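# Residue-level structure breakdown
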4 protein chains.
Amino acid sequence: MTEDLSNKLVISVALVGSATTKEQNPAVPYTPEEFGVEAKKCFDAGASTVHIHARDKKTGWPTPDLDQIKAVIDNINEKAPEIIINITSSVGITLEQRVAPTQTFKPLIASLNTNSMNFSIGDFKTGKVVANADGVFRNTFLTIQTLAEAMKKAKTKPELEVYDFGGLYNILFLNKQEDLFEKPLHFQFVFGTLGGVPFSYQSLAGFLNLIPSGSSWSVCGVAKDQFRAGLCAAAMGGHIRVGLEDNIRVPSGRLAKGSWEQVEWAAKVAKLAGREVATPDETRKIFNLLQ
Amino acid sequence: MTEDLSNKLVISVALVGSATTKEQNPAVPYTPEEFGVEAKKCFDAGASTVHIHARDKKTGWPTPDLDQIKAVIDNINEKAPEIIINITSSVGITLEQRVAPTQTFKPLIASLNTNSMNFSIGDFKTGKVVANADGVFRNTFLTIQTLAEAMKKAKTKPELEVYDFGGLYNILFLNKQEDLFEKPLHFQFVFGTLGGVPFSYQSLAGFLNLIPSGSSWSVCGVAKDQFRAGLCAAAMGGHIRVGLEDNIRVPSGRLAKGSWEQVEWAAKVAKLAGREVATPDETRKIFNLLQ
Amino acid sequence: MTEDLSNKLVISVALVGSATTKEQNPAVPYTPEEFGVEAKKCFDAGASTVHIHARDKKTGWPTPDLDQIKAVIDNINEKAPEIIINITSSVGITLEQRVAPTQTFKPLIASLNTNSMNFSIGDFKTGKVVANADGVFRNTFLTIQTLAEAMKKAKTKPELEVYDFGGLYNILFLNKQEDLFEKPLHFQFVFGTLGGVPFSYQSLAGFLNLIPSGSSWSVCGVAKDQFRAGLCAAAMGGHIRVGLEDNIRVPSGRLAKGSWEQVEWAAKVAKLAGREVATPDETRKIFNLLQ
Amino acid sequence: MTEDLSNKLVISVALVGSATTKEQNPAVPYTPEEFGVEAKKCFDAGASTVHIHARDKKTGWPTPDLDQIKAVIDNINEKAPEIIINITSSVGITLEQRVAPTQTFKPLIASLNTNSMNFSIGDFKTGKVVANADGVFRNTFLTIQTLAEAMKKAKTKPELEVYDFGGLYNILFLNKQEDLFEKPLHFQFVFGTLGGVPFSYQSLAGFLNLIPSGSSWSVCGVAKDQFRAGLCAAAMGGHIRVGLEDNIRVPSGRLAKGSWEQVEWAAKVAKLAGREVATPDETRKIFNLLQ
C-alpha cells in the first residue's frame, strides 16, 4: 500500500540568490559557515530542502567556483545533515561552469531555468529600470538540454523553474524526447521578477492546466509575491519555497531575521491550510527524487 | 485625504444557514440567546459582520417569521452592539417572505442570491445525490430585481452572492439599469455547493475579471473550500466569510467549537498575509455600506 | 488501424427551439412537412444531425405530444433519410413527458440539459427583462439522472448541454457513478442565453479544461454568439451547431432564409479552418454514438 | 459624431520575415521589385498594412542596410501607394541598426518586440531542436525603451509584439512612464514560435485581460496557428495579420501562391464573422496611428 502524502507540504528555502546582499539584509550568508548555520535554523523550522548559490568569501559575489561551492555543501552537511541540498545551475558565464556543479556534486535536486528572458531591476511605481537594463538571463534550448542530460546522468532531479509560459512550453516541447527527463516532472513556478510574470490566480491556474498530470509543483515569489504565491499554493496542494533569495522581509514589512523566519511563516501557513510539513524523507517521495 | 484601507481584511461570519443542524455540530445556534452569545464570541475574535438565518425556536428549522428574526437581531444587538448584522434574503416560500426582513429591519447589508440553480446534497466520492435531488434554489430575475429594489429603498447594501458565472452575468445584465444598484457593487463568491462551482484559482480569477472595477469582494466556501477560498482571497486583497453555515470543522478536520474558532483562523490568515483585521467602522467603508 | 477523423467538422442544426416563431422568421418550421423540407435542405448543405423540438400543428407552440413528434421524425426520415435525428429532452411539464420521447423513439442522440437556471428574455442594452422574468429552466439532479438512465437504456447518446460551469460540474459529479454515462462523453456548450454565460474565449477554455480527456464537443450560440462560438470552435477542433432555434439571422444581420443558410455558413467556416464537413457516418464515430 | 469602426477588420500582411526563404515558398519576395508586386496584390485583396523585412538582393538574407530598405519602400509606394508600410525593428546586430529604419524612414507603424526569448527551430513531433539551438532573440529593456523613444520622436506607432506574458508585463511596466508610449496602445499577439506560446483560447484571453482598456489588437500565428488565431480574433473584434513570414501554406495544406492568397482568406473570414475589411484610412483610425 502506498503511503498517502497528499496532505504534506514541502518547504524549500533559498538562503541567498545572485542578487541579495548583506547590505539589504545582514542575515544573508556569504561564508560557508554562515550557510551552515542558516541551513540548520531553517531545517529546525521545517525546511526539508535548501537551495544554494555560493558566494565568494571575499567579495560576496556569486561564484561558480567549485571549491567554494563544496565548502558550502560540506558545512551544511555538517550542521544539518538531513536537509536535502539543491544546487543552482544558473551561475556561470559558460555552459561548462553552469553544468559543473551537477557533474561534480551530483545533488539530489538542482534548479533548471526554462527560458531566456529579460532580467532587470526596476521601480514598479515609476516604470523605470534601475539596474541591468540590457541584461538577458540566457537559458537557450542548448543550455536546457545540456543541463537536463547532465542531471539525468547524475541522478539529479531537475527543479524546472518556470518564470513565464514560454518556459513551460519549452519544457513541454523538450519532454517529447522520451528520455530527456525522468517522469514525473517537478516544477517550480517563480513569480514577480521583472521580465517574468507577477503572481496572479490566472497565471498559476494557467501553469497548472499545462503541466503533465502527476507532476509535483512548488511556488516561489519575489518580495510580496512570496506571501501571495505561498498562501495560494498551500491552499490547493502545492509546495512552498521561501528564503532571502526571493524576499528580504516578513509579511509585516520588516526585515526577516533570517530565511528561517520565512520558513516558520510557511509552516504556519501549512497548518492553517490543514496540511503537515513534510520531512526530508517525505520530500524525496513527493518530489520523486532519484536518489 | 482618503484613508487607505487596502490592507484591511474584513471577516464576516455566518453562524448557521438553512441546512446546518445541532446534530452536525452542537455549537450551531437555534435560539436568539444562542445567536447572541455566538455573535459576541465571533466579534471578539475579529468578525465585523454576522450573517443570520433565524431558526424556529422549537423545531430548529429555518424560519421567515419576522418575530423570531427580530428576537435574534435584538439579542445580537444586546450582546455585540458593534457588529454589523447581515440578514439573509433567501428564506421563504414566497417572494413576500423573502423581501420582508429587508423591508422590516432595514439591515446595513443583506445577502442577495444571483442565480437559480440545483441545490442538493451529494456524496462527492460516489457521485450519488443523497438529499433534495429534485431541489432548485429559485432566484429568478423577478426575485433579484424585487429584492434589489427593496434593498435600495431600505438603504441596505446587497451582498451579491455568486455561485456560478451565470449569476454574475445576471447581475452585470441588471446593472445596465442605471438605478437598480448603488455603486460600487459588493460581491460574495460562494464555492463548493453541489449545483454551483467548487473553489479553483480559475473560477476566482474568472469572477474577478468580470466584476466592475472598484467592486469589493469576499469569498466563502463549503467544507474544505472554506479554507482554500479564504487563504487565496487573503493573499490577493479579498475578504473572508467563515462560519458553521458553510463548514462545521476546522482545518485539522475536527468539529469547530463554534463559528468563532473559524473567525480566529481567518484572523491568523490575515496576519500571515500581512493584513490587519478590519473593524466594523472600517468594514462600513470597505463594503461601501449606505448607512 | 483507426480512421483519423480529427480534421472532420460536424455540423448540427436545430431547426426550431421552444421560443422561435414564424413571426420572427417565416422559415421556422411548424408542421411535420415543413420540418422534413428544412431538414433535407440542411442535409444537402452539410448538416449531419438535426435537433428537433416538435410544434403543435395548430398553435405553433412546443409540444411534448408523442404523435406530433412521430410525425416530424417520419417526415424527416422520408425526405432526408441519412440525417441523424437528435430529439430534445427539455420539453414537457412533467419528468415523464420529458423522458417519453427517448423511451419511445430511441433516437441516436438527444439533448440533456445539465443545470437549472433562469431562462428569460431581456434587452441587453437596457438590462430590462422583457419576458418570462420569473422563469426557471428546471433540470434538477433527479431530472438529469432520470434522463441519463433512460438514454442509456435506449442506447441514445446524451448531448450534454452546458450553459454554465455549474452544469458542467453537475455532470462531473454524476459521472463518478461508473455506469450512468457511456464514455467518452459528448458535450454541447451553449452561449448567450440570458441566465447562462455569453461566449468568451475564457468560458470556452474553462469548459475545455474541465471535460474528461477524450470527450467530443460542439458549440452553439444565441444570436451573434452563433458566429463567435462557431468560428472559434472550428479553429480549435470543435464542432458547430447552427439553426434558427439559436439565431434567426446570418452574419450580415439580415434574416436567414432558413437554417440551411447557416449550415452553408458553417461549411464555409470549416473550409477556412482547413477542415472537412463530416458525413453522418463519420459523425457516428466522432460523437461515439451507440447505435 | 465619431465614426463607428467597431465592425471593421484590419488585415495586415508580412510578406517575408527573417527566416522564410524562396526554397520554402517561391513566392517569397527578395528584390524590391518583388516586394512591390506582392504588396500590390495584397492591397488588392484587402490588406491595408504591409510589414517588411528587407532582404539582401544577392544573398536573400535579412539585411539592416538602409539603402535596400529604402528601395523596398520606394517600390511598394510606387505600386501600391495607399498601403501603410510597417517596418520591422528586429533586424540588426546592434541597437543602432535596429533603430535606424525608424529614425530614417519615420514609418506610420513599426513592430516593437517586447521580450527576450529563445528563438529556435524545432520538430514539434520529436521535441528536437533542429536549428539555432543556442539562439536568443534579444529585446532587453534598453532595446525596448530606446526603440519606443525613437518611435515616439518619429511619430511612428509601435506595434507591440507579444510572444509571451512576460513581454506584455514588460510593456505594462514601462507604460507606467507616462510619456513613453502614446495612448491608446496597439498590440500584436504572436502565437506558435518555438520559445513563445502556441495559440490557445486561454493565452489570448489572458492577453486581453491584461492590456489597457481601449487598446487595439491583432493576432498573427506561425504555421497552422495563423488560421487558428485569425478565426478566433475575427470572431471577437480583433484584427488579423497574415503573410508568408508566418506561414507558407493555405488551410488545405498546399503552398500559398503568395501572401495575397492568405489576405484573401482573411477577407473571407472577416465576412463570415459579419465584419468588413478596413481601408487604409480606417486602419489609421482603428490603430490610432500618429500621422
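Calculation notes
Every chain's residues receive numbers from 1 upward, in the order its sequence appears when written. Labels follow written order: the first chain is A, the first ligand is 1, and so on. Whole-chain, interface and lining totals are the exception, using all residues; otherwise, since this is a predicted model, local features are given only for residues with pLDDT of at least 70 and side-chain atom pairs are given and counted only at 80 or more. The side-chain values count all of the structure's non-hydrogen atoms but skip hydrogen atoms and water molecules. Helix and strand assignments follow DSSP, with helices taken as H or I runs no shorter than four residues and strands as E runs no shorter than two, numbered in order from the N terminus. C-alpha atoms define the radius of gyration, and 2.2 Å times the number of residues to the power 0.38 defines the globule rule. The rule is simple: take the accessible area with a 1.4 Å probe, protein chains only, and divide by the maximum for that residue type; under 20% is buried, over 50% is exposed, in between is partly exposed. In this comparison the copies share one frame, found by least squares on the C-alpha atoms of residues holding pLDDT of at least 70 in both. Strand pairing requires that DSSP identify at least two bridges connecting the strands. Between the N-to-C directions of two axes lies an angle of 0 to 180 degrees, each axis being a line fitted to C-alpha atoms and, for a helix, fitted only over the stretch in contact. We call two residues in contact when some of their heavy atoms are within 4.5 Å. The term buried area refers to how much accessible surface (probe radius 1.4 Å) is lost by two components on association, counted for both of them together. A pair is scored as a salt bridge if a Lys or Arg side-chain nitrogen falls within 4 Å of a carboxyl oxygen belonging to Asp or Glu. Pairs of N or O atoms within 3.5 Å make up the polar contacts considered here, provided that, within protein, one atom can donate a hydrogen while the other can accept it, and that residues adjacent in sequence are counted only when both atoms are side-chain atoms. When residues are sorted by character, Ala, Val, Leu, Ile, Met, Phe, Trp, Tyr, Cys and Pro go into the nonpolar class, Asp, Glu, Lys and Arg into the charged class, and all the rest, Gly among them, into the polar class. Place the viewer so that the strands point away; then a crossover is right-handed whenever the path from the first strand over the helix to the second strand goes clockwise. The definition used for a disulfide is geometric: two cysteine sulfur atoms within 2.5 Å. The predictor reports its confidence for every residue as pLDDT, a score running from 0 up to 100. For Phe, Tyr and Trp, where Trp contributes only its six-membered ring, two rings pair if their centres lie within 6.5 Å, and the inter-plane angle classes them as stacked under 30 degrees, edge-to-face over 60, or tilted in between. Our definition puts a charge over a ring when NZ of Lys or CZ of Arg is within 6 Å of the ring centre and also within 35 degrees of the ring normal. Should an angle fall under 35 degrees it is called roughly parallel, over 145 degrees roughly antiparallel, and 65 to 115 degrees roughly perpendicular, with every other angle called oblique. What makes a crossing left-handed is the near helix being turned counterclockwise from the far one by less than a right angle; a clockwise turn instead makes it right-handed.

Right, let's get into the overall build of chain A. Scanning chain A from terminus to terminus reveals nine helices and 14 strands. Taken over C-alpha atoms, the radius of gyration comes to 17 Å for chain A, in line with the 19 Å a tight globule of 291 residues would show. Dimensions along the principal axes, computed over C-alpha positions, put chain A at roughly 50 × 45 × 40 Å. Burial status across chain A gives 63% buried among its 291 residues.

Turning our eyes to something else, we now look at the relation of the copies chain D and chain A. Mapping one chain copy onto the other needs a rotation about an axis and a shift along that axis. Between chain D and chain A, the superposition needs a rotation of 180 degrees and an axial shift of 0.0 Å, giving an RMSD of 0.0 Å. Between the two chains, the operation in question is that of a two-fold axis. Ranked by how close their C-alpha atoms come to the rotation axis, the residues of chain D are headed by Met117(D), at 2.7 Å.

Attention shifts here to the sheet that holds strand 12 (residues 216-221) of chain A. Pairing between the strands of a sheet comes from backbone hydrogen bonds, and it takes one of two forms, parallel or antiparallel. Residues and elements named next belong to chain A. Strands sit in the order 2-3-4-5-10-11-12-13 around a closed barrel of eight strands; the barrel is parallel. Direction aside, the axes of adjacent strands within the sheet are offset by 25 degrees on average. In terms of strand pairing, strand 5 (residues 109-113) meets strand 10 (residues 157-162) through five bridges, oriented parallel. By the bridge assignment for strand 10, Leu-112 is matched with Leu-160.

Contacts between the two partners involve 43 residues from chain D and, on the opposite side, 43 residues from chain A. Buried surface at the junction of chain D and chain A, summed over both partners, amounts to about 3,100 Å²; 56% is from carbon and sulfur atoms. When the buried area of chain D at its contact with chain A is split by residue, Asn118(D), Phe141(D) and Phe173(D) rank highest and sum to 20% of it. At the surface where chain D touches chain A, the tally comes to two salt bridges. The interface formed by chain D and chain A holds 22 residue pairs in polar contact (both at pLDDT 80 or more) in total. When contributions to the side of chain D that touches chain A are tallied by element, the ones reaching two or more residues are strand 6 (117-118), strand 7 (121-123), strand 8 (128-131), helix 4 (141-154), helix 5 (165-174) and helix 6 (201-210) of chain D. The element best represented in the side of chain D that touches chain A is helix 5 of chain D, accounting for seven residues. When the residues that make up the side of chain D that touches chain A are grouped by side-chain class, the tally is 15 nonpolar, 21 polar and seven charged.

Below, the discussion takes up the pairing of strand 11 (residues 186-191) of chain D. Residues and elements named next belong to chain D. Taking burial as the measure, the six residues of strand 11 include six buried ones, the bulk of the element. Alternating positions in strand 11 separate into two faces, His-186, Gln-188 and Val-190 on one and Phe-187, Phe-189 and Phe-191 on the other, with burial throughout. Taken together, the three bridges between strand 10 (residues 157-162) and strand 11 define a ladder with parallel strand orientation. Each residue of the ladder has a partner; that of Glu-161, found in strand 11, is Gln-188. Handedness of the strand 11-helix 6-strand 12 (residues 216-221) crossover: right-handed.

Now for the relation of the copies chain A and chain B. For the pair chain A and chain B, the superposition axis carries a translation of 0.0 Å, the fit reaches an RMSD of 0.0 Å, and the rotation angle comes to 180 degrees. In this assembly the copies share their binding face: 100% of the residues contributing to the interface of chain A also contribute to that of chain B.

Note: interface size is frequently given as the accessible area lost on complex formation between the parts. The partner chain B presents 24 residues to the 24 residues of chain A that form the contact. Taking both sides of the interface into account, the surface hidden between chain A and chain B amounts to around 1,900 Å²; carbon and sulfur atoms contribute 73%. Run the count over chain A and chain B and you get zero salt bridges. On inspection of chain A and its partner chain B, the count reaches six residue pairs in polar contact (both at pLDDT 80 or more). Of the residues belonging to the side of chain A that touches chain B, the class tally is 17 nonpolar, four polar and three charged.

Let's shift gears to unusual backbone geometry. All names here are of chain C. In this model, Lys-183 is joined to Pro-184 through a cis peptide bond whose omega is -10 degrees. Within the fold, Pro-184 resides in the loop between helix 5 (165-174) and strand 11 (186-191). Although it is not a glycine, Lys-106 adopts a positive phi angle of roughly 45 degrees. Tracing the backbone shows Lys-106 in the loop between helix 3 (95-105) and strand 5 (109-113).

All names here are of chain B. Of all 11 residues that make up helix 7 (residues 225-235), 10 are buried, and the element is covered over most of its length. Turning to helix 7, its buried residues number three or more, namely Asp-225, Gln-226, Phe-227, Ala-229, Gly-230, Leu-231, Cys-232, Ala-233, Ala-234 and Ala-235. Trailing helix 7 by a residue or two, Gly-237 shows a phi angle of about 95 degrees, which is positive.

Below, the discussion takes up the sheet that holds strand 4 (residues 84-87) of chain B. All names here are of chain B. Strands sit in the order 2-3-4-5-10-11-12-13 around a closed barrel of eight strands; the barrel is parallel. Mean inter-strand twist for the sheet, computed between neighbouring axes without regard to direction, equals 25 degrees. In this structure, strand 2 (residues 11-14) lies alongside strand 13 (residues 239-242), joined through three bridges in parallel fashion. Bridged to Ser-12 within strand 13 is Arg-241. Taken strand by strand, helix 7 contacts strand 11 (186-191), strand 12 (216-221) and strand 13, and its axis lies near 155 degrees from that of strand 12.

Glancing now at the pattern of salt bridges. The final tally for this structure, using the stated rule, is 56 salt bridges over all chains. Arg138(A) serves as the salt-bridge partner of Asp134(D), at 3.3 Å between the closest nitrogen and oxygen. Within this pair, whereas Asp134(D) is found in the loop between strand 8 and strand 9 (136-137), its partner Arg138(A) is found in the loop between strand 9 (136-137) and helix 4 (141-154), the two belonging to separate chains. Here Asp281(D) ties to Arg284(D) by a salt bridge, and the two come within 3.2 Å at their closest N and O atoms. In this pair, Asp281(D) and Arg284(D) are both assigned in helix 9 (residues 280-286), three residues apart and thus about one turn of the helix distant.

Let's shift gears to the environment of Val250(B). Residues and elements named next belong to chain B. By the secondary structure assignment, Val-250 is in the loop between strand 13 and helix 8 (259-272). Of the residues examined, Val-250 reaches a relative accessible area of 8% and is grouped as buried. Distance from Val-250 to Ala-223, taken between C-alpha atoms, is 9.2 Å for residues 27 residues apart in sequence. Not counting residues within four places of it along the chain, the set of residues in contact with Val-250 comprises Phe-227, Ala-256 and Glu-261.

What follows is about the state of the cysteines. Formally, a disulfide is one covalent bond, and it connects the sulfur atom of one cysteine to the sulfur atom of another. Enumeration according to the criterion identifies zero disulfides over all chains in this entry. Among the cysteines around Cys232(D), which has no disulfide bond, Cys232(C) carries the closest sulfur, lying 3.9 Å off.

Quick look at the confidence of the model for chain A now. Put simply, chain A has an average pLDDT of 96, and 99% of its residues get 70 or more. Note on the complex model: pTM 0.97, ipTM 0.97.

This part is about the pairing of strand 2 of chain B. Remember that side chains alternate between the two faces of the sheet whenever the strand is regular. Residues and elements named next belong to chain B. Of the two faces of strand 2, the one carrying Ile-11 and Val-13 and the one carrying Ser-12 and Ala-14 are both buried. Two elements, strand 2 and strand 3 (residues 49-52), share three bridges in a ladder whose sense is parallel. By the bridge assignment, Val-13 is partnered in strand 3 with Val-50. For the crossover from strand 2 across helix 1 (residues 32-45) to strand 3, the handedness is right-handed.

Inspection of every chain in the model, using the stated rule, returns 50 aromatic pairs over all chains. With a centroid separation of 4.4 Å and 35 degrees between ring planes, the pair formed by Phe165(B) and Phe207(B) is classed as tilted. Of this pair, Phe165(B) sits in helix 5 (residues 165-174) while Phe207(B) is found in helix 6 (residues 201-210), placing the two residues 42 residues apart along the sequence. The residues Phe165(B) and Phe207(B) share a single accessibility class, namely buried. In this structure, Lys22(C) is placed above the aromatic ring of Tyr30(C), and the distance from its NZ or CZ to the ring centre is 4.9 Å.

As a further point, take the packing of helix 3 (residues 95-105) of chain A against helix 4 of chain A. All names here are of chain A. Two numbers describe how helix 3 lies on helix 4: the axes approach to 9 Å, and their chain directions differ by 20 degrees. With respect to their mutual orientation, helix 3 and helix 4 come out roughly parallel. Helix 4 is crossed by helix 3, and the crossing has right-handed handedness. For the pair helix 3 and helix 4, contact is made by Leu-95, Arg-98, Val-99, Thr-102 and Gln-103 and by Leu-142, Thr-143, Thr-146, Leu-147, Ala-150, Met-151 and Ala-154, respectively.

The topology assignment puts Thr140(D) in the loop between strand 9 and helix 4. Distance from Thr140(D) to Asp67(D), taken between C-alpha atoms, is 27 Å for residues 73 residues apart in sequence. For Thr140(D), the residues in contact, after removing those within four places along its chain, are Asn118(A), Ala133(A), Asp134(A), Gly135(A), Val136(A) and Ser116(D). In this structure the side chain of Thr140(D) is engaged in a polar contact, spanning 2.6 Å, whose partner is the side chain of Asp134(A). Here Thr143(D) takes part through its side chain, which lies 2.9 Å from a polar atom of the side chain of Thr140(D).

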